[in-house]
There are 2 protein chains.
Amino acid sequence: MREVLEYIEQNQQRFLEELKDFIRIPSVSAQSAHDTDVQKCATWLKDHLKNLGLHAEIIETKGHPIVRAQGGNSNSQNDTPPKRLIIYGHYDVQPDDPLDQWKSPPFEPEIRDGFLYARGATDDKGQLFCHIKAVEALLRTRGKLPCEVLFLVEGEEETNGDSLADYIRQQKPELAQNLSGVVISDCSMYDENTPAITYGLRGIVAMEVQVKGPIKDVHSGTYGGVVGNPATALANIIAQCISADGRILIPGFYDDVRQLEDFERDNYAKLNFDDQNLKKELSLRGLFGERNFTTLERAWARPTFEINGIFGGYTGQGNKTIIPATANAKITMRLVADQDPKKIGKLVKDYLQAICPDYVNIQVSEPTGEKPVLIDIHDSLVQVGMEALKQGFEQDAAYIRCGGSIPVVDTFWRELQKCVLLMGFGLDTDGAHSPNERFRVQSFFKGIKTSAWLLDNV
Amino acid sequence: MREVLEYIEQNQQRFLEELKDFIRIPSVSAQSAHDTDVQKCATWLKDHLKNLGLHAEIIETKGHPIVRAQGGNSNSQNDTPPKRLIIYGHYDVQPDDPLDQWKSPPFEPEIRDGFLYARGATDDKGQLFCHIKAVEALLRTRGKLPCEVLFLVEGEEETNGDSLADYIRQQKPELAQNLSGVVISDCSMYDENTPAITYGLRGIVAMEVQVKGPIKDVHSGTYGGVVGNPATALANIIAQCISADGRILIPGFYDDVRQLEDFERDNYAKLNFDDQNLKKELSLRGLFGERNFTTLERAWARPTFEINGIFGGYTGQGNKTIIPATANAKITMRLVADQDPKKIGKLVKDYLQAICPDYVNIQVSEPTGEKPVLIDIHDSLVQVGMEALKQGFEQDAAYIRCGGSIPVVDTFWRELQKCVLLMGFGLDTDGAHSPNERFRVQSFFKGIKTSAWLLDNV
């Protein structure tokens, strides 16, 4: 690896300039005004991968195109089939508003205090580019790759498009061939000193509830005590879903929850999460959640029940003495292994309907969801990944989970039945969907080294 | 009374035309664009009362003027001081929007199907005009009034102005002299066949609650299970205030509630309120409220706890997976005798603060309120009022209460310590604050006769 690492060291300024070029293309997938930019970005990426010597192509979809690029050790002289890794990423980015909160223009990358500031810097152009430059370093120094690599880079991640999922399903037999696993760098390190493998993601179930009372808002003097209030009814319904101390009260909700294993609790404890710091950062009076679980345990390995939005009746200034016609709540629940979104969605919908008081009607939308993911950390790819991070970042890596959901992980996992290695080079403080998004320059260089080590040892 | 009633019969078409003139002046007190109309209306009314032979004047206030007009039996030949009645009304009206829902223009009165349609028809120009025309009939047929009459007509009722309350407090000794009571017709009959004296009004307490969680909306994946959700906390708080079956759970809330007397329950039962009709009218799945009380008992004589509005977090289309920074509720409670708004306001505010979970902050606005009113139906003025309604409407009158609040009633009651006689000539279906407001023409004529009979027998 010595000459590979030297190549990386010698070329890192050029790598950074190339990443800036990639970032300058405003590939905002959610805004149709940027459709040609998205197309341009896909072409730029395809050309870039082709110039490295990969077999690169653009795959048109009903939405934004997928960039696919393949290369490997076809010169392999023995008969064992070559190992293969899929490397996933996305070239599309979030919108840039609110524009007035950016210190430098979102699509004119600027380095300040060791960070590269721009939309897409960390999510996901910067992280994806680590793998691309690792492939370059291996190819330029050795003339070939130590394993087969297949880049699948989508342009619909920020719009929850399903073109890539469709493609994976269609191409399943070909994609699964000789596959060791899927590598994704679209997430975070534990903290700036601790690289990590994310081996668990929470799933999600979402639904909307509308409680309906009188056909129109009515006078609370005339009808109070006679006509039921949808807002108090909704409050009573919600209070029967989750207690004030964080226990979800829906019968059966916890049935399939996989309990934390001892080694997980030990690992999380070692991370020394700072509760006081979180309280301070978010100006919280106190932390929340189930007893007998630490903060990281609750955030990573326990399900939740949240109201994302609630509304009904008069919400303007002053008073309006009405009983509102309706009250509404947007509900999402985070799920953990082995909860099934379909099963939980039905369970919760049935429960909400069953506990609704008989003086109001309730309407619950059809639940939608994503499955939770829990990767076996004993998989050899995870072990190689841990070592690669240690080599690249010169720090021991941690096993962590993530409280959020990354739908594509479940798609790869379910369709290809191979380990999905989530190695994030970003930081939670990178501001992925916010103004002044950034990516630590050192993490970019360390990420390239990590990827090169990983490809060489898979 | 024969010649008085004949005079009314013979002049009723002219009375109706005069009422239309009164109504044509768009005296919308809430809209400054109508300030000159409000002034014009006060002048029209003062002149009209003066032409009847009353001592009429305009009393300027810091808001809209009060019209005051006085007349009596100054020719009385014996030494007993003349009895006096204050007749209250208001000449201002509600705004006319939404204008496109009116079948005929709001300030061009039109008679259709036995109703006079216009803004102010029932609230309160038409009802007030009954008393004015009764005074005319008595004066024109007898040359004098059977008792002293003092009209106090305000122009700030629809804006909750306090000029009249200030005036009453200032002029208290003079107003209270020889006073038998105050007559107000700014409410409703029980139904179109049943005239009624309203002897009870509910009071009210209002406050706003804000539950504060994280300093900004945060990601429900990253922080769910760790950061408390203000919306679920608010739901839990509300659910500890009122049970799903309508019982208010705040300790001490019912302590001062005066229990219904047997004769009241009997009277209400005789009114045969039609629950099914109400359900149908408002498309309700079922009626709401405390066990062991009938619909009318709950609407008139039991306190309530209502959410008039609730809001927090994301309320647009689709999902946004956040834990909201805040959740808010606008709360009003209807009170009954002998609950005190100040005492209840403090009780509820303290309770809300006490039950707030320790992971969120709560902010409760300073409660505001109005006292409930309960008039002694054994007062001789009430008895005369019941008989007057029977004479005017040729129907037995009922004793009813009203679930709403009319602040001026409490002011008269508290300051002057005399019976306040609420005799409504309107109907709940008149659409007082809605498009196509109307007043039944027959109720106008019957109201005039009722008032004449009342003044003659007080």
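Residues numbered from 1 in each chain as written. Chains lettered and ligands numbered in written order. Predicted model: local features only at pLDDT ≥ 70, side-chain atom pairs only at ≥ 80, totals over all residues. Heavy atoms only, no water.

1. Observations concerning the sheet that holds strand β19 (residues 438-440) of chain A
Residues and elements named next belong to chain A. Strands sit in the order β4-β5-β19 across an open sheet of 3 strands; the sheet is antiparallel. Either end of the sheet is taken by a strand with one partner, and the two such strands are β4 (110-112) and β19. With direction set aside, neighbouring strand axes in the sheet form an average angle of 30 degrees. (Pairing = 2+ DSSP bridges. Helix = DSSP H or I, 4+ residues; strand = E, 2+ residues; numbered from the N terminus. Axes fitted to C-alpha atoms, helices over the stretch in contact; angles between N-to-C directions.)

2. Quick look at the packing of aromatic side chains
Taken as a whole and judged by the stated rule, the model has 30 aromatic pairs over all chains. Judged by centre distance (4.9 Å) and plane angle (90 degrees), the ring pair of Tyr268 of chain A and Trp300 of chain A falls under edge-to-face. Highlighted residues: Tyr268 of chain A in helix α8 (residues 262-270) and Trp300 of chain A in helix α10 (residues 295-301), separated in sequence by 32 residues. Comparing Tyr268 of chain A with Trp300 of chain A shows no difference in burial state: the two are buried. An angle of 25 degrees between the planes, with centres 6.1 Å apart, marks the rings of Phe393 of chain B and Phe425 of chain B as stacked. Taken together, the positions of Phe393 of chain B in helix α12 (residues 380-393) and Phe425 of chain B in the loop between β18 (420-423) and β19 (438-440) put the pair 32 residues apart, joining distant regions of the chain. Across the pair, Phe425 of chain B and Phe393 of chain B agree in class, each one buried. Of the aromatic side chains, those joined through ring pairs into one cluster are Phe22, Trp44, Phe129, Phe439, Phe444 and Phe445 of chain A. Its guanidinium or amino end placed over the ring of Tyr254 of chain A, Arg247 of chain A lies 4.1 Å from that ring's centre, counting from NZ or CZ. (Phe/Tyr/Trp six-rings, centres within 6.5 Å; stacked < 30°, edge-to-face > 60°. Buried < 20%, exposed > 50% of the residue type's maximum accessible area, 1.4 Å probe, protein only. Lys NZ or Arg CZ within 6 Å of the ring centre and 35° of its normal.)

3. Re the pairing of strand β3 (residues 84-90) of chain B
Residues and elements named next belong to chain B. Buried residues dominate β3, accounting for 7 of its 7 residues. Both faces of β3 are covered, namely the face carrying Arg84, Ile86, Tyr88 and His90 and the face carrying Leu85, Ile87 and Gly89. Sheet topology note: the β3/strand β7 (residues 179-184) ladder contains 5 bridges and is parallel. Residue Tyr88 lies in a different strand from β7, and its bridge partner there is Ile184.

4. Concerning the confidence of the model for chain A
The predicted model of chain A averages 95 in pLDDT, with 98% of residues at 70 or higher. Predicted complex metrics record ipTM = 0.91 and pTM = 0.90. (pLDDT = per-residue confidence, 0-100.)

5. Description of the relation of the copies chain B and chain A
Copy one and copy two of the chain differ by a rotation about a common axis and a shift along it. After a rotation of 180 degrees and a shift along the axis of 0.0 Å, chain B superposes on chain A with an RMSD of 0.1 Å. Taken together, the rotation and translation describe the operation of a two-fold axis. (Least-squares fit on C-alpha atoms with pLDDT ≥ 70 in both.)

6. As for the sheet that holds β19 of chain B
Strands pair in a sheet through their backbones, by hydrogen bonds, and they do so in one of two ways: parallel or antiparallel. Residues and elements named next belong to chain B. With respect to topology, 3 strands assemble into an open sheet ordered β4-β5-β19, the strand pairing being antiparallel. A single partner strand is all that each edge strand has here, and the edge strands are β4 (110-112) and β19. In this sheet, neighbouring strand axes are inclined to one another by 30 degrees on average, regardless of whether the strands run parallel or antiparallel. Note: β4 against strand β5 (residues 115-117), 3 bridges, orientation antiparallel.

7. Let's talk about helix α2 (residues 35-51) of chain A
All names here are of chain A. A rise of 1.5 Å per residue sets the reference length of α2, with its 17 residues, at 24 Å; its end C-alpha atoms lie 25 Å apart and thus fit the reference within 8%. Within the span of α2, buried status applies to Asp37, Val38, Cys41, Ala42, Leu45, Lys46, His48 and Leu49. Those residues of α2 hidden inside the fold are in contact with α1 (2-24), β1 (55-59), β2 (66-71), α3 (121-142) and β6 (148-154). Directly beyond the C-terminal end of α2, a positive phi value near 110 degrees is found at Gly53. (Expected span 1.5 Å × (residues − 1). Contact = heavy atoms within 4.5 Å.)

8. With respect to the packing of α12 of chain B against helix α14 (residues 441-457) of chain B
All names here are of chain B. Packing of α12 against α14 brings their axes to within 8 Å, and their N-to-C directions diverge by 140 degrees. Of the possible angle classes, the one that applies to α12 and α14 is oblique. Considering the relative orientation of α12 and α14, their crossing is right-handed. Counted together, Leu381, Val384, Gly385, Glu387, Ala388, Leu389, Gln391, Gly392 and Phe393 of α12 and Ser443, Lys446, Gly447, Lys449, Thr450, Trp453, Leu454 and Asn457 of α14 form the full contact between these two elements. For the contact of α12 with α14, a count of residues per class yields 7 nonpolar, 7 polar and 3 charged. (Parallel < 35°, antiparallel > 145°, perpendicular 65-115°, else oblique. Left-handed = near helix turned anticlockwise from the far one by under 90°. Nonpolar A, V, L, I, M, F, W, Y, C, P; charged D, E, K, R; others polar.)

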